[in-house]
Each structure stands twice: as C-alpha cells, then as structure tokens.
Amino acid sequence: MAETIGGWRLLFPVGMNPHIEAAIGELAQWDEGVVEVVIPARNEAVSLPYLLASLASQEGVRFRTTVIDDRSSDATIQVAGSFGCRVLRVQERLGNNPKAAALAAWTPLASTRIVIFLDADVKLVDSRALSRLVAEAGLHPKDLISVQPFHRMVRAYEQAAFFPNLIAVIASGAFLPARRSQSRAAFGPVLCCWVERYREIGGHRAVTDAILDDQALGARFRDAGGSVLLMAGRGWIEFRMYPNGFASLLEGFRKNLVTGAFSVRGVGALVATFIVVAELAAAVALARSGWSRLPAASAVLGIVCLATTLTARRIGSFRWYSVVAQLAYLVIFLWLVASSGVDVLRGQTHWRGQTMRMRR
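This section reports on the structure supplied with the text.

Here we look at the nonpolar core
Thinking step 1. In terms of nonpolar packing, the biggest core is built from 45 residues, with I39, L55, I116, L130, L133 and I237 touching the most fellow members.
Thinking step 2. Considering every element that reaches this core, the biggest residue donor is helix α5 (residues 129-139), with 5 residues.
Thinking step 3. Not counting residues within four places of it along the chain, the set of residues in contact with L55 comprises V37, I39, F63, T65, L118, L124 and L130.

Notes on the pattern of salt bridges
Thinking step 1. For the structure shown, the criterion picks out 7 salt bridges.
Thinking step 2. Across the pair R89 and D69 runs a salt bridge, and its minimum N-O distance is 3.8 Å. One end of the pair, R89, is in strand β3 (residues 86-89); the other, D69, is in strand β2 (residues 64-69), and 20 residues separate them in sequence.
Thinking step 3. Judged by its relative accessible area of 52%, R89 is exposed.
Thinking step 4. The salt bridge partner of D119 is K99, with a shortest N-O separation of 2.7 Å. Of the two residues, D119 sits in the loop between β4 (114-118) and β5 (122-124) while K99 sits in helix α4 (residues 98-104), which places them 20 residues apart along the sequence.
Thinking step 5. You can call D119 buried: its relative accessible area is 17%.

Re the state of the cysteines
By definition, a disulfide links the sulfur atoms of two cysteines through a covalent bond.
Thinking step 1. For the coordinates displayed, the defined rule picks out 0 disulfides.
Thinking step 2. Free cysteine C192: the closest other cysteine sulfur is in C193, separated by 6.6 Å.
Thinking step 3. For C192, a relative accessible area of 0% corresponds to the buried category.

A word on the packing of aromatic side chains
Each aromatic ring pair is characterised by the separation of its centres together with the angle its planes make.
Thinking step 1. In the structure shown here, the tally under the stated rule is 8 aromatic pairs.
Thinking step 2. Between F117 and Y198, the ring centres sit 5.3 Å apart and the planes meet at 45°, which makes this aromatic pair tilted. In this pair, F117 is assigned in strand β4 and Y198 in helix α7 (residues 195-200), connecting sequence segments 81 residues apart.
Thinking step 3. Geometrically, the ring pair formed by F162 and F163 is edge-to-face, given 5.1 Å between the ring centres and 65° between the ring planes.

Focus: the packing of helix α6 (residues 162-171) against helix α12 (residues 322-346)
Angle between the axes and distance between the axes are the two parameters that describe a pair of packed helices.
Thinking step 1. One can describe the packing of α6 onto α12 by two numbers: an axis separation of 8 Å at closest approach and a directional angle of 75°. Relative to α12, α6 is oriented roughly perpendicular. Contact residues: α6 offers F162, F163, P164 and I167, while α12 offers S322, Q326, Y329, L330, F333 and L336.
Thinking step 2. Broken down by class, the residue content of the contact of α6 with α12 amounts to 8 nonpolar, 2 polar and no charged.

Digging into the environment of E251
Thinking step 1. Along the chain, E251 falls in helix α9 (residues 246-261).
Thinking step 2. According to the relative accessible area criterion, E251 is partly exposed, its value standing at 26%.

A look at the sheet that holds β5
Thinking step 1. If you trace the 3 strands from one edge of the open sheet to the other, you get β5-β10-β7, paired in mixed fashion. Either end of the sheet is taken by a strand with one partner, and the two such strands are β5 and β7 (150-151).
Thinking step 2. Across 2 bridges, β7 lies against strand β10 (residues 237-239) in parallel orientation. Of the residues in β10, the one forming a bridge with F150 is E238.

Rules used in this analysis
- Residues numbered from 1 in each chain as written.
- Predicted model: local features only at pLDDT ≥ 70, side-chain atom pairs only at ≥ 80, totals over all residues.
- Heavy atoms only, no water.
- Core = buried A, V, L, I, M, F, W, Y, C linked by side-chain atoms within 4.5 Å.
- Buried < 20%, exposed > 50% of the residue type's maximum accessible area, 1.4 Å probe, protein only.
- Helix = DSSP H or I, 4+ residues; strand = E, 2+ residues; numbered from the N terminus.
- Contact = heavy atoms within 4.5 Å.
- Salt bridge = Lys/Arg side-chain N within 4 Å of Asp/Glu carboxyl O.
- Disulfide = S-S within 2.5 Å.
- Phe/Tyr/Trp six-rings, centres within 6.5 Å; stacked < 30°, edge-to-face > 60°.
- Axes fitted to C-alpha atoms, helices over the stretch in contact; angles between N-to-C directions.
- Parallel < 35°, antiparallel > 145°, perpendicular 65-115°, else oblique.
- Nonpolar A, V, L, I, M, F, W, Y, C, P; charged D, E, K, R; others polar.
- Pairing = 2+ DSSP bridges.

Spelled out as structure tokens, the structure:
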C-alpha cells in the first residue's frame, strides 16, 4: 500500500466516502469493550474536561476511556474520575520520552480490539468523529490512522505557530496525491489502530527513547509492512496546542523542529523548503529594491504572503493579519530552527520541566 493515503484531502478535506459511511453503520452492533480511548495526561486538569465532554457526546460507537496520569500535581485524576474514566498512574519514568513512557504503561482491557490515543488538548467537534476513526481502522487493519487536528487559537501569541504548523504539515507530504509521498511523518495528537497490530510492532514501549514518539511509531508500522493514513481534522477534530503562554509555545516547537526535519523526505520536504526560501527571497528583494522597483517587489511579497496565509487557514484558525505579520512569524520560525539545532548539538532538550536526550 502507499505510505500515505488520502492525498489532497489533508489540505482540502472532503466528506466521508460510502465505504466509511457503511462501516460506521455497523459500529453500533459492537460491544462496549471493543474500542478503548487512551489519554496520556500530565497536569491536564484544565484541558481534560473539554476532551472528556466531547467524548461523552459521541454517537455511533460504544467505547471505554482510560486516562494515564503521569504523576500530575493538579486535579487531573479527580477530573478523570468525575467522568467515569479508568485511571492508570505512572509510578516511574521509563526511557527518554515522557509521553511514550506513559502510554507504555497502558494495559488494554481484555476485550479491547481497537485503541485510539488522544492527547489531552484534543476536542472532538463532530459527534461522529470517533466513529469515523474506528471505521477507518476497520478498513485499514494493518495501518496506523493519524490525524492532525485543526489548530484552534484563542490568544494573539498563538498565531506565532504559523510557520511551525504550516511547514510540519507541508513537509509531511500528506498533501500529495496518493502513492507519491515518501514522507515518514505521523501526527501524534490522534492515533488509531488495532491492538493486535500495535502489539506486533512493540507499541509505545518500543519508542520510549525517541524524541518524537509519533514518528518512531509510524516508522515501526511501515517497517512491519503497513502504512500511515494521514488525515486532516478540520471540521471534526480540533486542538489548542499551547494555551499556557508564549514560552510554552517556543519550548514545544523547539523540541520538534529539527528532529522532525530528519523524518521527512521527498517532494513534501522540497515544497516546505521552497515556501521558506521564497518568502525570504521576496523580503530580501523588497529590502534591496530601489524606489522604481518598490511597487513590483511589494506586490510579489504580498502575493507570496497571501498564498501562504490561505494555505495556513486550512490548517488552523490563523487570522487575516497573518498576511502582514508573516515576516515576524518567519523570524520566530528561523529562531526556533536555530535554537533547535543547538539542542541537537548539545544532545538534549527540555519539555514541561523534564530533560530529554536527543542522542542515545
């Protein structure tokens, strides 16, 4: 099968096809324990209620929910308990990646056949979102279903995620027609697969030393002869990535950028590089143009910024002022790339108060 299935629907998503609709129609007959939703959480008492409330409104499939508490110091456990979730507690950190280590502590219920991993900041905005994930897994039993949620932003500083988000999605190659992408990407906030297949590839226990556990997990599926089905969450799955301030945004993207760059290849990576280079070149041309060439240089830069903004708005709730603020976002992105490169040279980075090795 193709490494990436779904092609242009990532940036221009379409409705569910008849096969998915038919599969969803059969889910109501499944027993409750067949599907298990697993949520890793560390100090997620603020975000978790939104996800659990959206799960409570899901239709068409019965499921059980497990929250894995990674030694939270807030009310995460109490919130999970108030929604009737099964709670597993991480007693000690295993490996290098806190999230992978927490998920490695998951023990499936005896009846579980399909597992859905959701980050705590995810929200299901369509009442059939879970049904669609399970139906996709039913049609692709050897593959990993991976969804990039639509990035819903509230405060102005979150708009600085413009280039990290855009470049990550473009570089993944998921926008390319099927059977062309050579991407090694996977989107970690939403993952779905068969438990039997998950165990065959070693699960999260096999990727606890990886900086990007989602990329490493996807690679193991591909090495085992499967694929990663990349999908867009616009209209059915959303998240708010960094609600805790600008510093947390910088820390998160700093951890991901350079390491993620090593996982992409092919046309997607070339297109992502072209976007950055084209905008830099247009800005330099504007700065160096004389008065006679100023209108033409301004027009070129404006067209580039408008096209980039139109694409980004397919991925997240970026404002129209991104057209004029884009150069500032580009400076932030280049700083993140440089600082992430420094972390690679140092061999370590930081995430949520924990140190992560970047080399074994």
